[in-house]
Amino acid sequence: MSFHGLFFFCQQRVHSNKIRMYTELMDSHRNRKSRITQATFDKLLLTFVCEADQPFSICTVMTRKTLCSKIQHTAKNMKSIIIKKLSTVNYVATTTDCWSARQHSYLGVTCHWIDDISLERHSAALACRPLKGSHTFDLLAAALEEIHSEYHIREKMTRMTTDSGSNFLKAFRLYGEGKGEETTNWQEDSGSILDDAEEDSELEVEYQDVFAVLDDNTGLEYQLPRHQKCVCHLLNLISTVDASAAEATNDTYKRLSRSAFAKCHVLWNKTSRSIMAYETVERECKLQFLRPNQTRWSSLFLAVERLVRIHKEQGEKAIHNVCTALKIKM
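None of the values given here were measured: they were computed from a predicted structure.

Asks: Would you mind going over the sheet that holds strand β2 (residues 104-114) with me for this structure?
Replies: Neighbouring strands of a sheet are bound in pairs by backbone hydrogen bonds; such pairs are parallel or else antiparallel. Pairing is mixed across the open sheet formed by five strands, whose spatial order is β3-β2-β1-β4-β5. Strand pairing shows two members of the sheet lacking a second neighbour, β3 (121-131) and β5 (227-229), which therefore form its edges. Sheet twist, expressed as the mean angle between neighbouring strand axes with direction ignored, is 25°. The pairing of β2 with β3 spans ten bridges and is classified as antiparallel. Bridging from a neighbouring strand, His112 pairs with Ser123 of β3.

This is the structure we're talking about:
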């Protein structure tokens, strides 16, 4: 298959807008009866590999070494552009996440700011780099500070948003701006109590051995901005962990919940493992079941919602026929 054919085959569903732009560009060149230049083709190929997340082995025109060199050069230029743009911004906020895939760990960081004139929100990806070793709090703090320093935004950051992972929480508790402070809303309502405590503490003086402190400095002191917990992740915890904890307080709810969801999971698992099951559901229910994802609470809600919709629109007989055909206990 030619490169153009492979490009179209791989991307026609996932990146339809890119396909349209690519096709229009090729058609315009054909209409002018002119050939595309090597430089333009190399740029298109480079864009295809980067934006479609393709392996380097797909490249048969440029050598792997040449392609890697061009990607590194393009990344360097893009980084310079982002640094230049951020130099004109007074305040930024960042987000970060850490994950593992195929026995490797990665750290991603994005940056967000609002244009002073247009008030439009802008975003940029600052890093997506591998992490060596365990995801300890000090390793995360060191990696984040390095990224902030590279883009010269350490003094401009207002908040950094992360999930509620224990290592992220500890990193910001030890190295974040305002470390040691609680950020919950109830503390703001207890200002008078804190003021009284501060007045009492003025009479107390605690002396420290400065030289001992300097000697104990291991060089692992990092500077991170104020921390902001991800609202989506908190909602996910409320809808999963807290909902599961509710079973411990009510035996009746626990028995009914586990019984109902056990049947649902059997149905979801059975109908997602074969073509025959897929066709059976399509024939009987006119809609496909949705299989929940453990990392997103909304997927479980949508999966149950789809079951309720099928029961409402097609009747109980539709689900009964699916269970009978697939030998699922009802």
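Asks: For this particular structure, what's the right way to read the packing of helix α3 (residues 38-51) against helix α4 (residues 64-86)?
Replies: For any two helices packed against each other, the geometry is given by the interaxial angle and the distance between the axes. At a minimum axis distance of 11 Å, the contact between α3 and α4 shows a crossing angle of 80°. For the element pair α3 / α4, the angle class is roughly perpendicular. On α4, the residues that touch Asp42, Leu46, Val49 and Cys50 of α3 are Leu67, Lys70, Ile71 and Thr74.

Asks: When you look at the environment of Leu287 in this model, what are you seeing that I'm missing?
Replies: Along the chain, Leu287 falls in the loop between α12 (275-285) and α13 (297-314). With 27 residues separating them in the primary sequence, Leu287 and Gln314 have C-alpha atoms 9.6 Å apart. In contact with Leu287, not counting residues within four places along its chain, are Val281, Arg306, Arg309, Ile310 and Glu313.

Asks: Sorry, what's going on with the nonpolar core here?
Replies: It is characteristic of soluble globular proteins that their nonpolar side chains tend to be buried jointly. Grouped together as the largest cluster of nonpolar side chains are 29 residues, with contacts concentrated most on Leu86, Val92, Leu107, Leu126 and Leu144. The set of elements that each furnish at least two residues to this core consists of α4, β1 (92-101), β2, β3, α5 (137-150), β4 (157-162) and α6 (166-175). The leading source of residues in this core is α5, at six residues. Within the second largest apolar cluster, 16 residues are counted, among which are Cys285, Ala303, Ile319 and Leu326.

Asks: I would appreciate a short explanation of the packing of aromatic side chains in the present structure.
Replies: On inspection of all chains with the given rule, the structure shows three aromatic pairs. Centre to centre, the rings of Phe137 and Tyr175 are 6.3 Å apart; their planes meet at 20°, and the pair counts as stacked. One end of the pair, Phe137, is in helix α5; the other, Tyr175, is in helix α6, with 38 residues separating them in the sequence. Considered together, Phe137 and Tyr175 belong to a single accessibility category, that of buried residues. An aromatic cluster is defined as three or more aromatic residues linked by ring pairs; in this entry it consists of Phe137, Tyr175 and Tyr222. Its guanidinium or amino end placed over the ring of Tyr151, Lys79 lies 5.4 Å from that ring's centre, counting from NZ or CZ.

Asks: In this structure, what is going on with the pairing of β2? I would like to understand it.
Replies: Working note: regular strand, side chains alternate between the two faces of the sheet. The pairing of β1 with β2 spans nine bridges and is classified as antiparallel. If you follow Cys98 over to β2, its bridge partner there is Leu107. Hairpin geometry of β1 and β2 is characterised by an intervening segment of two residues between the two adjacent antiparallel strands and by a positive phi of about 55° at Arg102. Where β2 folds back on β3, the antiparallel hairpin that results is connected by six residues, among which Leu119 adopts a positive phi of roughly 65°.

Asks: Help me out: how do you make sense of unusual backbone geometry in this one?
Replies: For residues that are not glycine, phi is negative in most cases, and the peptide bond is trans in most cases. Positive phi is not limited to glycine here, since Asp53 has a value of about 55°. Mapped onto the elements of the fold, Asp53 is located in the loop between α3 and α4. Notably, Lys327 is not glycine yet its phi reads approximately 60°, a positive angle. Lys327 gets classed as exposed once you look at its relative accessible area, which sits at 75%.

Asks: What should I look at first to understand the pattern of salt bridges in this one?
Replies: Should their charged atoms come close, side chains of opposite charge can pair. Within the structure shown, the criterion is met by six salt bridges. The salt bridge partner of Lys79 is Glu150, with a shortest N-O separation of 3.0 Å. Taken as a pair, Lys79 in helix α4 and Glu150 in helix α5 lie far apart in primary sequence, 71 residues in all. For Arg309, the salt bridge goes to Glu313, with nearest N and O atoms at 3.1 Å. Here Glu313 and Arg309 lie together in helix α13, a separation of four residues that amounts to about one turn. Via salt bridges that share partners, Lys79, Arg129 and Glu150 belong to a single interconnected network.

Rules and cut-offs
Per chain, residues are indexed from 1 in the order of the written sequence. Residues qualify for local features only when their pLDDT is at least 70, as the model is predicted, and side-chain atom pairs are given and counted only at 80 or more; totals for whole chains, interfaces and linings, by contrast, use all residues. Computation of side-chain values covers all heavy atoms of the structure but excludes hydrogens and water. Following DSSP output, two strands are said to pair if at least two bridges run between them. Secondary structure elements are defined from DSSP: runs of H or I of at least 4 residues count as helices, runs of E of at least 2 residues count as strands, and each element is numbered from the N terminus. Lines fitted to C-alpha atoms define the axes, with helix axes restricted to the stretch in contact, and inter-axis angles between N-to-C directions lie between 0 and 180 degrees. Just so you know how the angles are binned, under 35 degrees is roughly parallel, over 145 roughly antiparallel, 65 to 115 roughly perpendicular, and the rest oblique. In what follows, residue pairs with any heavy atoms lying within 4.5 Å of each other are defined as contacts. Residues belong to one nonpolar core when they are buried, are Ala, Val, Leu, Ile, Met, Phe, Trp, Tyr or Cys, and are joined through side-chain atoms within 4.5 Å. The buried label goes to any residue with under 20% of its type's maximum accessible area, the exposed label to any with over 50%, and the partly exposed label to all in between, with areas taken from a 1.4 Å probe on protein chains only. Only Phe, Tyr and Trp rings take part, Trp by its six-membered ring, and two of them pair if their centres are within 6.5 Å. Stacked means planes under 30 degrees apart, edge-to-face means over 60, and tilted covers everything else. By definition, being over a ring means that NZ of Lys or CZ of Arg is both within 6 Å of the ring centre and within 35 degrees of the ring normal. Think of a salt bridge as a Lys or Arg side-chain nitrogen and an Asp or Glu carboxyl oxygen that are within 4 Å of each other.

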